[in-house]
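# Observations on chain architecture
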Amino acid sequence: MFLRCFACEARYGNVPTLYTCRNCGSPLEVVYEDAEFHRAKTFDGRGVWRYQPILPVKKAVTLGEGDTGLHRCERLGRELGIPRLYVKNEGENPTGSFKDRGMTVGIALAKAVGARAVGCASTGNTSASMAAYAARAGLVALVLLPQGKVAMGKLSQAIAHGARIAQIDGNFDDAMRLVVELSLKDRSLYLLNSINAYRLEGQKTLAFEVCETLGDAPDALVLPMGNAGNIGAIWKGFNEWKRLGRIKRVPRMVGVQAAKAAPIARAWRARAKFRAMSNPETVATAIRIGAPVSWQKALAALTDSGGEAGTVTDREILDAQRLLARTEGLFVEPASAVPIAWLRKRKLKGARTVVCVATGHGLKDPDALQGAPVRMHRVKPTLAAIRKVLDA
Ligand code: F0G
């Protein structure tokens, strides 16, 4: 196992504290030599750690992550014209988002390297997850959050798990720059953002689970993009599953961003050089990011898989969130409704089996429903009055 630069292919050893390439500053990825990779013949146990033979660490810090439901959505599929539509509901993870897949591995590495504290910048879910796993491991957690832009459910989790919370007078991108700088100066602080290639190894397991449940790869996988770690991690997972001979083909990867926080989709559409956006804005605060650290990995996944990038407006996001909750019983946070919003307006040619990744639980961000048209009736405590509500 070794680290390789995603851009210039410079090769490093197995160094969990190396976050970016010393030559060019690009993100790294964990690569397994053929011999060790193909030793991974059997997988047993459950969740993320079922795949330990192709994870970078042996000893787990776990809360029971992974093994989330892959829900067939027939009614919604009919509405969207997709014969087999599935939602992989990552809200079923211990802290309510896909981040737990990465944190269980990342925190295990932090223990292995003898870190005193772990740190991250976050739009909310990473901080919630890291705070929980740090508590589990007996490590100090430092989280940098954009002031006033983190949903209440997520902030409550960081508070409950005893994280040290720095609210930055700036956005996620400012917080991200600061925490990277701090972790390079103070080596006892282990950085657990998705720039950490080892953390992303945990997130690739979503691809394994999808293939094992379906018995094959889907035609397409649609997911939201923010800091852009997840799309690259899942794409790596599909390719490793193929390398193991478990599937013969890989899916098209479709990455979707909020219209006003869409630097990757913009570069993709214009076939232009990537440029960060300075003032990203969206109701889906989880993906309110203008300078995603893993943009190179995202663009590679989109290109190499024959996939595409798209955008959706805030209105479309909130409508899709309600549609999914009402037609399928799946309540997801706004960022997680982004794939459904996109599929409502864009037909994926030839894609019969489509998996949408619902990245986080709806209860994370209860305020998102503030503007929703609701039918609530204040009534007298009589049967007649209550019947009227039923018949309304
Ligand atoms: N969906 C949700 C619910 C998220 O919290 C995030 C990222 C994403 C999608 C995008 O994933 O960054 O890998 O492209 N949240 C990070 C955080 C940035 O701090 O919690 P990505």
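Here's a quick rundown of the structure.

What counts and how
Here the residue index of a chain counts from 1 through its sequence in written order. Totals for whole chains, interfaces and linings use every residue, but because this is a predicted model, local features are given only for residues with pLDDT of at least 70 and side-chain atom pairs only at 80 or more, for both listing and counting. Only heavy atoms go into the side-chain values, all of them from the structure, while hydrogens and water stay out. Helix and strand assignments follow DSSP, with helices taken as H or I runs no shorter than four residues and strands as E runs no shorter than two, numbered in order from the N terminus. Contacts were defined at the residue level, with two residues in contact if any of their heavy atoms lie within 4.5 Å. Any two strands with at least two DSSP-identified bridges between them are counted as paired. Axes here refer to lines fitted to C-alpha atoms; in helices the fit is confined to the stretch in contact. Angles between the N-to-C directions go from 0 to 180 degrees. When at least one non-hydrogen atom of a residue lies within 4 Å of a molecule or strand, that residue is treated as near it. N or O atoms within 3.5 Å of each other form a polar contact, as long as, within protein, one can give a hydrogen and the other can take it, and as long as residues adjacent in sequence are counted only when both atoms are side-chain atoms. For the accessible areas, the method is Shrake-Rupley and the probe is 1.4 Å, while residue cover comes only from the protein chains on display. Exposure above 30% relative accessible area and no salt bridge define the residues that can form patches, which grow by joining like charges within 9 Å and nonpolar side chains of Val, Leu, Ile, Met, Phe, Trp and Tyr within 5 Å. Within this document, salt bridges are pairs made up of a side-chain nitrogen of Lys or Arg and a carboxyl oxygen of Asp or Glu, the two lying within 4 Å of each other. Exposure classes here rest on a 1.4 Å probe applied to the protein chains alone. A residue is buried below 20% of its type maximum, exposed above 50%, and partly exposed in between. Oblique is the label for any angle not covered by the other classes, which are roughly parallel (under 35 degrees), roughly antiparallel (over 145) and roughly perpendicular (65 to 115). The hand of a helix crossing depends on one turn: near helix anticlockwise from the far one by less than a right angle means left-handed, and clockwise means right-handed. Amino acids outside the nonpolar list (Ala, Val, Leu, Ile, Met, Phe, Trp, Tyr, Cys, Pro) and the charged list (Asp, Glu, Lys, Arg) are all regarded as polar, and Gly is one of them. In this description, a nonpolar core means a group of buried Ala, Val, Leu, Ile, Met, Phe, Trp, Tyr and Cys residues linked to one another through side-chain atoms lying within 4.5 Å.

### Let's talk about the environment of Gly-237
Along the polypeptide, Gly-237 turns up in helix 9 (residues 229-243). Note: C-alpha distance between Gly-237 and Val-61 (176 residues apart in sequence) is 21 Å. When neighbours within four sequence positions are excluded, Gly-237 is seen to be in contact with Lys-204, Ala-207 and Phe-208.

### Examining the sheet that holds strand 5 (residues 84-89)
Pairing is mixed across the open sheet formed by 6 strands, whose spatial order is 4-5-13-10-11-12. Where the open sheet ends on each side, the last strands, each with one partner, are strand 4 (70-72) and strand 12 (308-312). This sheet shows a mean twist of 25° between the axes of neighbouring strands, independent of strand direction. Relative to strand 13 (residues 353-358), strand 10 (residues 220-224) runs parallel, the two sharing 3 bridges. Residue Val-222 lies in a different strand from strand 13, and its bridge partner there is Cys-356. Across the sheet, helix 10 (residues 263-270) is in contact with strand 11 (252-258) and strand 12; its angle to strand 12 comes to roughly 125°. Against the sheet, helix 13 (residues 338-345) touches strand 5, strand 10, strand 11, strand 12 and strand 13, its axis set at about 95° to strand 12.

### Observations regarding the site of the ligand
In the vicinity of the ligand lie 20 residues, with Ser-122, Thr-126, Asn-227, Ala-228 and Thr-359 positioned nearest. A distance of 2.7 Å separates an oxygen atom of the ligand from a polar atom in the side chain of Ser-122. For the ligand, a nitrogen atom lies 2.7 Å from a polar atom in the side chain of Thr-359. When isolated, the ligand has an accessible area of 470 Å², and the protein chains bury 99% of it.

### Details of a nonpolar patch on the surface
A surface patch of nonpolar side chains, about 340 Å² in accessible area, is lined by Val-379, Leu-383, Ile-386 and Val-389. Judged by its relative accessible area of 40%, Val-379 is partly exposed.

### As for the pattern of salt bridges
Within this structure, the stated rule accounts for 23 salt bridges. Residue Arg-46 pairs with Asp-67 through a salt bridge whose shortest N-O separation is 3.3 Å. Pair noted here: Arg-46 is in the loop between helix 1 (34-38) and strand 4 and Asp-67 is in the loop between helix 1 and strand 4, with a separation of 21 residues, a long-range link. Looking at Asp-67, the relative accessible area reads 38%, which means it is partly exposed. The partner of Arg-50 in a salt bridge is Glu-212, with the nearest N and O atoms 2.9 Å apart.

### Quick notes on the packing of helix 4 (residues 125-137) against helix 5 (residues 152-160)
One can describe the packing of helix 4 onto helix 5 by two numbers: an axis separation of 8 Å at closest approach and a directional angle of 25°. In terms of their interaxial angle, helix 4 and helix 5 are classed as roughly parallel. The interaxial crossing formed by helix 4 with helix 5 has left-handed handedness. For the pair formed by helix 4 and helix 5, the contact residues are Asn-125, Ser-127, Ala-128 and Ala-131 on the first element and Lys-154, Gln-157 and Ala-158 on the second. Its residues placed into classes, the contact of helix 4 with helix 5 shows 3 nonpolar, 3 polar and 1 charged.

### Observations concerning the pairing of strand 13
Most of strand 13 sits out of view: 6 of its 6 residues are buried. Neither face of strand 13 is open: one carries Thr-353, Val-355 and Val-357, the other Val-354, Cys-356 and Ala-358, and all of them are buried.

### A word on the nonpolar core
With 91 residues, the main nonpolar core has Ile-107, Val-118, Met-130, Leu-221 and Trp-241 as its most contacted residues. Ignoring anything within four residues of it in the chain, the contact list for Trp-241 reads Phe-43, Tyr-51, Ile-54, Phe-208, Cys-211, Glu-212, Arg-246 and Ile-247. Leu-85, Ala-258, Ala-286 and Ile-317 belong to the second-largest nonpolar core, a separate cluster that totals 34 residues.

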